[in-house]
Amino acid sequence: MNSRNGKKIALALVVALLAGAFFWFDLHHQLTLESIRGFQEQAGEFYAQRPLLAIAGFAGVYLLVVALNLPGGALLGLLAGAVFGVLVGTVVVSFASTIAATLACALSRYLFRDLVRSRFPQVVARVDRGMAREGSFYLFSLRLIPVVPFFVINMVMGLTAIRLRTFYWVSQLGMLPGTLVFVNAGNELGRLTSTGEIFSPRLVLAFALLGLLPLAAKKLLNYYRARTPEAEKLPTGGVAAAGPGEKELRIQAQSLASGCTACGACAVRCQFLKRSGLPGEIANAFLAGKSLADPFACSLCNLCTTVCPEKLEPGDFFLALRRGIADHSGWDSRPYKRILSYERLGSSPLFSTEYLPPACQTVFFPGCNLPGTRPESTWQLFRRLQEQIPALGLVLNCCHKPSHDLGRWQYFSDQFGALRRRLYDSGVREILLACPNCYKVFLNHGREVRVRSVWEVLAAGVEQQGPGPVGTTVTVHDPCPLRNLPELQRAARTLIAGQNLAIKEMRSAGARTLCCGEGGAVGFIDPELAAAWGTQRREQANGLPVVTYCAGCAGFLGRAGLQTIHLADLLAEPAQALVGKAVVATPPRTYLNRLLLKYRLGRLPKNPSAADSPKP
């Protein structure tokens, strides 16, 4: 167990003990309307004698209750109104609740963010899209309309990349109207001297405001959204239909410029940032109307986000800059002619096809590169998956990740959106992916279907066979699109170890993995910069064979001088793969392989259990 995990466990135990003590000593029974009404007179007298101590004591209790997500926060708000009055009560509850909510958010981020992101990536992706679409306004609307419990908002926001100071001030403003209305209701309750006053106009109005506030807030927010120009906001559907407007770019740049502390952690292993400047410097230059860096030279691997102490997301800003540039008709796409032609062919009727047997709800989507370079290994993967899912389908097509990363947002939206809708309308509800880039596209934009990696499916049936024989040690290169998916990374290692291989990890692995050099199509405009990633990887591998589960990574690292083994080859033909003799095709043979695989797929019977099913 590393020291970081030990600290997390210790902190979780402290939180659990405090929460347990709350219920063990029956304190939750003291936070009832009857108890508060009985305690109100004593509290009022103490407040009259020692006001500062009373406020400090109340704030301390309120902080503990809300930060630990214990029941009773709403009743404490009523008590504040009854004891302190509307003005003082609102100020105390507003600051105490916001500080407590921020502490709860920080606790959730520290203890659970990595776990939840790995186990529920699609849920977190939807929240991240909401934040990307509306930024701080997304949190503000959640705070203003109390449909989602506040403790849920605190925990969920801890899983996003929102900065804590932004979370604090937005929460302070968003919760203020509700706090005022609630404290006012408590103040009116505190005035009751007989049951006959329950229906007094003041009390009825106070509780009417509690009910009307969410409705009024929703109307105002809808009015604001309706008045916001369409060019400045992204649609709420699965795939955005347009690139970012100038306003959104400036908001992203301001956030990056103000949040960057120039610590340099992001530039330690990034040749792009070493050459172009730190993210804060690049953002400040953009705001000043200058160009300090070419966003098309960024590999979009997002290592910078992983290592950033402030959890800033420079990669998202560079992608937004790409979209802003590619949106203009004058953008020169000629350097990317080869990759864009490859993308068009991958989705053309010539190379694409869909094998969907009866009752098929799950399909294998191998992507473009794997079927072309390794058609037999692709076929073996399909056959192994069929053993677990007899009605498995197979789809040969392109996810259009190249256009996505080059900023051709409208084209990507149209093409991928059509593919996604066609699969869903055909009854597909789950997609098994072997390509990391396809996995990321479907995860972020294919919200109608469940996304799983083929390696996770296959690893579920593998029993650990112990360490491999002496001399069979390999290292692993994790593809950067999957850097935040530890469960998937562990599945790949389970399959590798299942071949009696010992694994020696490289320095930069898992969440801190390096780009192979293919990312962002940098090699088409700056081959030397792209090759620098491979050089770093070669130094870290230290002569060991490198197993990876990305066909693109295998190709780029192979050209960098490493002995690379694709996991599909290791499973299909382990003996040949380990000595570097696995059959790997190069263009133009890759195009022929895809045509042959399409023909082979077309020979499969409609009913996968038919006796005349062709042998692999």
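Everything that follows concerns the structure shown earlier in this document.
Residues numbered from 1 in each chain as written. Predicted model: local features only at pLDDT ≥ 70, side-chain atom pairs only at ≥ 80, totals over all residues. Heavy atoms only, no water.

**Q** Hey, could you run me through the pattern of salt bridges in this one?
**A** Should their charged atoms come close, side chains of opposite charge can pair. All told, the structure shown has 12 salt bridges when counted by the stated rule. Residue R490 is joined to E487 by a salt bridge in which the shortest nitrogen-to-oxygen separation is 2.6 Å. Here R490 pairs with E487, and both are found in helix α23 (residues 486-497), just three residues apart, close to one helical turn. R490 gets classed as partly exposed once you look at its relative accessible area, which sits at 45%. Residues participating in the shared-partner salt-bridge network are E430, R450 and R452. (Salt bridge = Lys/Arg side-chain N within 4 Å of Asp/Glu carboxyl O. Helix = DSSP H or I, 4+ residues; strand = E, 2+ residues; numbered from the N terminus. Buried < 20%, exposed > 50% of the residue type's maximum accessible area, 1.4 Å probe, protein only.)

**Q** Can you help me understand the nonpolar core in this one?
**A** Soluble globular proteins tend to bury their nonpolar side chains together. Counting 61 residues, the largest nonpolar core has F364, F365, F382, I431, F442, W455 and L567 as its most contacted members. Counting 35 residues, the second largest nonpolar core, distinct from the first, contains A267, C270, A293 and L319. (Core = buried A, V, L, I, M, F, W, Y, C linked by side-chain atoms within 4.5 Å.)

**Q** Explain the side chain of T306 here, please?
**A** Tracing the backbone shows T306 in helix α14 (residues 303-307). For T306, the contacting residues outside a window of four places in its chain are K311, R483, N484, A511 and R512. (Contact = heavy atoms within 4.5 Å.)

**Q** What is the right way to look at unusual backbone geometry in this model?
**A** In this model, P587 is joined to P588 through a cis peptide bond whose omega is 5 degrees. Looking at the secondary structure, you find P588 in the loop between α27 (574-578) and α28 (589-602). Look at K311: it is not a glycine, yet its phi comes out positive at around 55 degrees. Among the structural elements, K311 can be located in the loop between α14 and α15 (314-326). A relative accessible area of 29% means that K311 is categorised as partly exposed. Unlike most non-glycine residues, N500 shows phi in positive territory, near 60 degrees. Mapped onto the secondary structure, N500 falls in the loop between α23 and β7 (502-503).

**Q** Mind showing me how you'd approach the packing of aromatic side chains here?
**A** Ring pairs (aromatic) are described by centroid distance and by the angle formed between their planes. The full count for this structure, using the stated rule, is 18 aromatic pairs. A centroid spacing of 5.2 Å and a plane angle of 65 degrees characterise the contact between F365 and F442, whose relative ring orientation is edge-to-face. With F365 in strand β2 (residues 362-365) and F442 in helix α21 (residues 436-445), the pair connects residues that are 77 residues apart, well separated along the chain. Ring centres of F412 and F416 lie 5.6 Å apart, and the angle between their planes is 5 degrees; this geometry places the pair in the stacked category. Of the two residues, F412 and F416 both sit in helix α20 (residues 409-425), four residues apart, roughly one turn of that helix. (Phe/Tyr/Trp six-rings, centres within 6.5 Å; stacked < 30°, edge-to-face > 60°.)

**Q** How do you make sense of the packing of helix α18 (residues 375-388) against α28 when you look at a structure like this?
**A** Helix-helix packing is described using two parameters, namely the angle between the two axes and the distance between the axes. At their nearest, the axes of α18 and α28 sit 10 Å apart, and the two run at 30 degrees to each other. As the angle between them shows, α18 and α28 are arranged roughly parallel. Note that α18 runs across α28; the crossing there is right-handed. Residues P375, E376, T378, W379 and F382 of α18 lie in contact with α28, whose contacting residues are N593, L597, R600 and L601. The class makeup of the residues in the contact of α18 with α28 is five nonpolar, two polar and two charged. (Axes fitted to C-alpha atoms, helices over the stretch in contact; angles between N-to-C directions. Parallel < 35°, antiparallel > 145°, perpendicular 65-115°, else oblique. Left-handed = near helix turned anticlockwise from the far one by under 90°. Nonpolar A, V, L, I, M, F, W, Y, C, P; charged D, E, K, R; others polar.)

**Q** Would you explain helix α16 (residues 337-347) in this entry?
**A** Among the residues of α16, those classed as buried are I339, L340, E343 and G346. An end-on view of α16 places all buried positions within 120 degrees of arc, on one side of the element. Away from its buried face, by an angle of more than 90 degrees, α16 presents the exposed residues K337 and R338. The elements touched by buried residues of α16 are α19 (401-406), α20 and α28. (Arc of directions from axis to C-beta.)

**Q** Please clarify how the pairing of strand β5 (residues 450-453) should be interpreted in this entry.
**A** Side chains on a regular strand alternate between the two faces of the sheet. Only one face of β5 is covered, namely the one carrying V451 and S453; the face carrying R450 and R452 has none of its residues buried. Inspection of the sheet shows strand β4 (residues 430-433) paired to β5 by four bridges, in the parallel sense. Following the sheet pairing, L432 is matched in β5 by R452. Taken together, β4, α21 and β5 form a β-α-β motif whose crossover is right-handed. (Pairing = 2+ DSSP bridges. Right-handed = clockwise from strand over helix to strand, strands pointing away.)

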